Amino acid sequence: MDLTYTAAEEEFRSELRSWLHAHIPDEWRRPGFWGSLDDDESFRLRRDWERDKALAGFAGIQWPTEFGGRGGTPGMKAIYDAEMVLANAPSTVNPLGLTFLAPTVMAIGTDAQRKEIIGPMLRNEVIWCQGFSEPGAGSDLAALSTKGVRDGDDFVVNGQKVWTTNAVHGDKIFTLVRTTPGSQKHRGISMLLIDMHQAGVDARPLKQMSGASEFGEVFFDDARVPATDVLGEIDEGWRTAMLLLSFERGASGMAQYTEFRRQYDEIVAVAKKLGRDTDPVLRGKLARVLTELECLRLHALHILTQTEQGRDLGFEASMTKLQWSETFQDLWEVYDDVLGEDVTLEQLEDLDLRPFNAQAMWSRSVTIWGGSSQVQRNVTAERVLGLPR
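Calculation rules
- Residues numbered from 1 in each chain as written.
- Predicted model: local features only at pLDDT ≥ 70, side-chain atom pairs only at ≥ 80, totals over all residues.
- Heavy atoms only, no water.
- UniProt positions renumbered as here; feature names shortened; annotations may be inferred.
- Helix = DSSP H or I, 4+ residues; strand = E, 2+ residues; numbered from the N terminus.
- Core = buried A, V, L, I, M, F, W, Y, C linked by side-chain atoms within 4.5 Å.
- Buried < 20%, exposed > 50% of the residue type's maximum accessible area, 1.4 Å probe, protein only.
- Contact = heavy atoms within 4.5 Å.
- Axes fitted to C-alpha atoms, helices over the stretch in contact; angles between N-to-C directions.
- Nonpolar A, V, L, I, M, F, W, Y, C, P; charged D, E, K, R; others polar.
- Phe/Tyr/Trp six-rings, centres within 6.5 Å; stacked < 30°, edge-to-face > 60°.
- Lys NZ or Arg CZ within 6 Å of the ring centre and 35° of its normal.
- Salt bridge = Lys/Arg side-chain N within 4 Å of Asp/Glu carboxyl O.
- Expected span 1.5 Å × (residues − 1).
- Bend = angle between axes of the 7 residues up to and from the residue.

## Let's talk about the UniProt feature "domain: Acyl-CoA dehydrogenase/oxidase N-terminal" (unreviewed entry) in the protein chain
For step 1, the next point in the chain: Feature annotation in UniProt assigns "domain: Acyl-CoA dehydrogenase/oxidase N-terminal" (unreviewed entry) to the following positions: residues 7-125.
For step 2, the next point in the chain: Across residues 7-125, the secondary structure splits into 61% helix and 0% strand, with the terminal C-alpha atoms separated by 34 Å.

In structure tokens form, the structure reads like this:
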């Protein structure tokens, strides 16, 4: 693997770091600032800031310049991901559109779709949601039942999606719909691009145990979608979805490592403040997690090297998802061990534990969404190692 970055990539790092330093207000860096805002205000601030970042040339780092991107290298994208974490930059309000939809539209979208979708998304003029999961189709996504019936030049859509990120703030949704009556499993599915502001689309927030409402559920009641708003071929939506998901799984994992390493240092600081850093059992657990983190860093650099060499990672990307999600979960289980019985408290001495508790609760989900650990192990065993089904 290549452990270094080129001179041009390091120059990009310096330029990005300077811009972030000058354009992130000091109050945003204050612990608990974002948690003190309601969801709507937080969303508005992040949306405006990210638009300004895009206009300054710090968005779409690896996108071709013809689509408004920077035309950068995979190394520049890895640097961007890491520096955003190090600068405590606000998280994106358009993650699913930028990560999944945009590169898919670049690859297989029509000229009209590329023009209408990519630029406005980059500037946060249009916020996109992903409508995959349903009440009866989670890990088994092919069991989806939302239907789209052809009516002239439109599809009429009825059904429900759930666990939809940014559902309440979304302008449009890319979603899988069964467009061939009576079809089963992976056949007869299309990916539709649906305007969420039209009649017949109802988005409702879902309150999480952390108190946040990041997710929502979306109901379609005779919502009309032009047939020209199918991404890819009609009834070939499963193929489109697999292409779309491959763009996330091709990421190196450098952003995850950078964020998790910072969280590790914060957990160690809590242990020291509470005088629990001398416990040999806890020290052993912290050491094991630190080893996992360094393995994640090296794996991320390996994947980055492969990507820069133009290699298609394919199913090996399941190993990245498996490794970062399990490492993240192990990290926050050690936090639970450090706090012990105090883990349910919001305040301990002069420590505000609410941000830690929110991360600990969130960590429970990461081995489920995006392909559960069981699914990722099966994929790795069968498609990477060649083991029997």
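## Let's talk about the nonpolar core
For step 1, the next point in the chain: By size, the foremost hydrophobic cluster in this structure holds 33 residues, and its most contacted members are Trp332, Tyr335 and Leu339.
For step 2, the next point in the chain: Among the elements of the structure, helix 3 (74-86), helix 7 (254-273), helix 8 (280-308), helix 9 (317-339) and helix 10 (354-363) are those that each provide at least two residues to this core.
For step 3, the next point in the chain: If we skip the residues at most four places from it in the chain, Leu339 touches Val270, Leu274, Arg276, Leu348 and Leu353.
For step 4, the next point in the chain: Phe67, Ala102, Leu231 and Leu244 belong to the second-largest nonpolar core, a separate cluster that totals 31 residues.

## What about the packing of helix 3 against helix 8?
For step 1, the next point in the chain: Running from N to C, helix 3 and helix 8 cross one another at 145°; their axes reach a closest spacing of 9 Å. In contact with Pro74, Gly75 and Ala78 of helix 3, helix 8 contributes Leu304, Thr307 and Glu308.
For step 2, the next point in the chain: Here the contact of helix 3 with helix 8 is composed, by residue class, of three nonpolar, two polar and one charged.

## Description of the side chain of Gln113
For step 1, the next point in the chain: As for its placement among the helices and strands, Gln113 is situated in helix 5 (residues 111-122).
For step 2, the next point in the chain: In contact with Gln113, not counting residues within four places along its chain, are Val105, Ile118, Leu193, Thr228, Asp229, Val230 and Leu231.

## Comments concerning the packing of aromatic side chains
For step 1, the next point in the chain: One pass over the full model with this rule turns up 15 aromatic pairs.
For step 2, the next point in the chain: Ring geometry for Trp19 against Trp49: centres 5.9 Å apart, planes inclined by 55°, an arrangement best described as tilted. Taken together, the positions of Trp19 in helix 1 (residues 7-23) and Trp49 in helix 2 (residues 39-55) put the pair 30 residues apart, joining distant regions of the chain.
For step 3, the next point in the chain: A centroid spacing of 4.6 Å and a plane angle of 15° characterise the contact between Phe260 and Phe328, whose relative ring orientation is stacked. Note that Phe260 is positioned in helix 7 and Phe328 in helix 9, a separation of 68 residues in sequence. Phe328 carries the same exposure label as Phe260, and that label is buried.
For step 4, the next point in the chain: What links up through ring pairs into an aromatic cluster is the set Phe12, Trp19, Trp28, Phe33, Trp34, Trp49 and Phe58.
For step 5, the next point in the chain: Between the NZ or CZ atom of Arg13 and the centre of the ring of Tyr5, over which it lies, the distance is 5.2 Å.
For step 6, the next point in the chain: Over the aromatic face of Phe219 sits the side chain of Arg204, whose NZ or CZ is 4.2 Å from the ring centroid.

## Looking at the pattern of salt bridges
For step 1, the next point in the chain: Taken as a whole and assessed by the stated rule, the structure comprises 27 salt bridges.
For step 2, the next point in the chain: Between Arg47 and Asp171 there is a salt bridge, with its nearest N and O atoms 3.3 Å apart. Residue Arg47 is found in helix 2, and its partner Asp171 is found in the loop between strand 3 (154-165) and strand 4 (172-178); the two are separated by 124 residues along the sequence.
For step 3, the next point in the chain: Two residues, Asp350 and Lys273, come together in a salt bridge whose shortest N-O distance is 3.4 Å.

## Remarks on the environment of Leu290
For step 1, the next point in the chain: The topology assignment puts Leu290 in helix 8.
For step 2, the next point in the chain: Separated by 37 residues in sequence, Leu290 and Thr327 have C-alpha atoms that sit 9.4 Å apart.
For step 3, the next point in the chain: Once you skip the residues sitting within four places of it in the chain, Leu290 turns out to touch Arg261 and Tyr264.

## Focus: unusual backbone geometry
For step 1, the next point in the chain: In the Ramachandran plot, Asp222 falls in the positive-phi region, its phi being about 60° despite a non-glycine side chain.
For step 2, the next point in the chain: The exposure class of Asp222 is partly exposed, given its relative accessible area of 48%.
For step 3, the next point in the chain: Notably, Glu349 is not glycine yet its phi reads approximately 55°, a positive angle.
For step 4, the next point in the chain: Tracing the sequence through the fold places Glu349 in the loop between strand 9 (347-348) and strand 10 (351-352).
For step 5, the next point in the chain: Residue Glu349 is classed as exposed on the basis of its relative accessible area, which comes to 59%.

## Quick notes on helix 4 (residues 95-108)
For step 1, the next point in the chain: With 14 residues, helix 4 extends 20 Å between its outermost C-alpha atoms, agreeing within 8% with the 20 Å of an ideal straight helix rising 1.5 Å per residue.
For step 2, the next point in the chain: Taken as a whole, helix 4 carries its principal kink of about 35° at Leu101; the proline Pro103 stands between one and four residues after it.
For step 3, the next point in the chain: Within helix 4, the full set of buried residues consists of Leu96, Gly97, Phe100, Leu101, Ala102, Pro103, Thr104, Val105 and Met106.

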